[in-house]
Amino acid sequence: MACQLSVSHVNSYSTKWKSLSNRRLQNWGGVVHEKGLLPQQLPPWLSDLTGRICEDVGLYPSPINHVLINEYHPGQGIMPHQDGPAYFPVVTILSLGSPAVMEFTAHTKLLESTGSTSSSLPQKAASVVLMPGSLLIFKDSAYQDYLHGISESMEHIVDRTVVNMDKANLQNGEAIGVQSPADVQGSSMLCDELESCRGDAIGVVKRTGTRISLTCRLVPKVRRNLFKF
Ligand SMILES: O=C(O)CCC(=O)C(=O)O
Ligand SMILES: [Fe+2]
């Protein structure tokens with residue numbers, strides 16, 4: 001899916017940014033309560049995008065009605081968390097700007113139900129390199145049984161848990177932002193070489209620039225009136 005949306009376009013809505021301690025965010029689509037959404041129409045530049053995502057992904061029963069835009073400077077992240085019960089359990093995340101790694105870790109309720117301890121089930125079950133222009137989709141068990149987060153560090157390790165190594169575009173063990181098929185092909189050889197000398201780390205994502213992500217979700221229950229919750 002070709003994406004025309006740019007970091008500078010997102011930044012032009014400067015009054016929408018809310019600063020948190022470890023990132024900034026813009027909330028579009030309305031206020032999410034535990035019992036539903038108090039809706040606000042998405043602007044056309046977002047609804048055009050979410051409409052295309054809905055169509056291409058084919059997993060949402062009705063149009064995406066909520067978008068969170070997160071901005072991370074180098075060293076910033078988002079702690080491991082689960083998205084709330086108000087959302088339909090499919091998340092699509094469009095990444096722009098600098099790459100980063102998202103880590104999925106088993107939720108304690110999964111560890112308990114399988115009788116696993118943290119030593120028998122690896123803490124980090126999977127990770128995904130989030131390249132600019134990529135769309136990450138996760139759902140069902142990945143949504144319900146795992147936490148997702150982005151570590152607050154200046155370098156993100158690329159190791160065997162990365163599920164999209166072919167997209168990481170490693171060069172000299174470093175993920176770089178612009179992908180070309182030739183680079184990706186060359187990088188897999190490099191991964192093998194580096195692996196033997198660096199233990200678990202196959203490569204690294206050096207966080208040199210700002211990353212912006214658009215988390216697109218559906219809140220199935222929409223409330224027109226706060227008092228009817
Ligand atoms: O920035 C990201 O890729 C993740 C954002 C996220 O997990 C969220 O907004 O719930
Ligand atoms: Fe999340």
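Residues numbered from 1 in each chain as written. Chains lettered and ligands numbered in written order. Predicted model: local features only at pLDDT ≥ 70, side-chain atom pairs only at ≥ 80, totals over all residues. Heavy atoms only, no water.

- You'll find the protein entered in an unreviewed UniProt entry as Fe2OG dioxygenase domain-containing protein, with Ceratopteris richardii given as the organism.
- Regarding the protein, the relevant UniProt record gives this comment under Subcellular location (unreviewed entry): "Nucleus". (UniProt positions renumbered as here; feature names shortened; annotations may be inferred.)

Here we look at the site of ligand 1
Part 1 of the reasoning: Taken together, 14 residues sit near ligand 1, with Asn70, Tyr72, His148, Arg211 and Ser213 positioned nearest.
Part 2 of the reasoning: Residue aspartate 83 places a side-chain N or O atom 3.3 Å away from an oxygen atom belonging to ligand 1.
Part 3 of the reasoning: One of the side-chain N or O atoms of histidine 148 is found 3.0 Å from an oxygen atom in ligand 1.
Part 4 of the reasoning: Burial of ligand 1 by the protein chains amounts to 97% of its free accessible area of 290 Å².
Part 5 of the reasoning: For the shell around ligand 1, the elements supplying multiple residues, two or more each, are β5 (66–72), β6 (78–81), β11 (146–150) and β16 (211–217).
Part 6 of the reasoning: Of the residues forming the shell around ligand 1, the biggest block, four residues, is contributed by β16.
Part 7 of the reasoning: For the shell around ligand 1, the residue count by class is six nonpolar, five polar and three charged. (Near = heavy atom within 4 Å. Polar contact = N/O pair within 3.5 Å; in protein donor to acceptor, adjacent residues only side chain to side chain. Areas by Shrake-Rupley, 256 points an atom, 1.4 Å probe, with all protein chains shown as cover. Helix = DSSP H or I, 4+ residues; strand = E, 2+ residues; numbered from the N terminus. Nonpolar A, V, L, I, M, F, W, Y, C, P; charged D, E, K, R; others polar.)

Notes on the environment of aspartate 140
Part 1 of the reasoning: With respect to the helices and strands, the residue aspartate 140 is situated in helix α4 (residues 140–144).
Part 2 of the reasoning: Sequence-wise, aspartate 140 and valine 90 are 50 residues apart; in three dimensions their C-alpha atoms are separated by 6.9 Å.

As for the coordination of the iron ion (ligand 2)
Part 1 of the reasoning: Of the protein atoms, only His81 (NE2), Asp83 (OD) and His148 (NE2) coordinate the iron ion (ligand 2), at distances of 2.1 to 2.3 Å.
Part 2 of the reasoning: Donor residues for the iron ion (ligand 2) sit on one chain with the sequence pattern H-x1-D-x64-H. Placement of aspartate 83 in the loop between β6 and β7 (90–97) and of histidine 148 in strand β11 is noted, with a sequence separation of 65 residues between them.
Part 3 of the reasoning: With a relative accessible area of 4%, histidine 148 lands in the buried category. (Donors = N, O, S within 2.8 Å, 3.2 Å for Na, K, Ca; no water. Buried < 20%, exposed > 50% of the residue type's maximum accessible area, 1.4 Å probe, protein only.)

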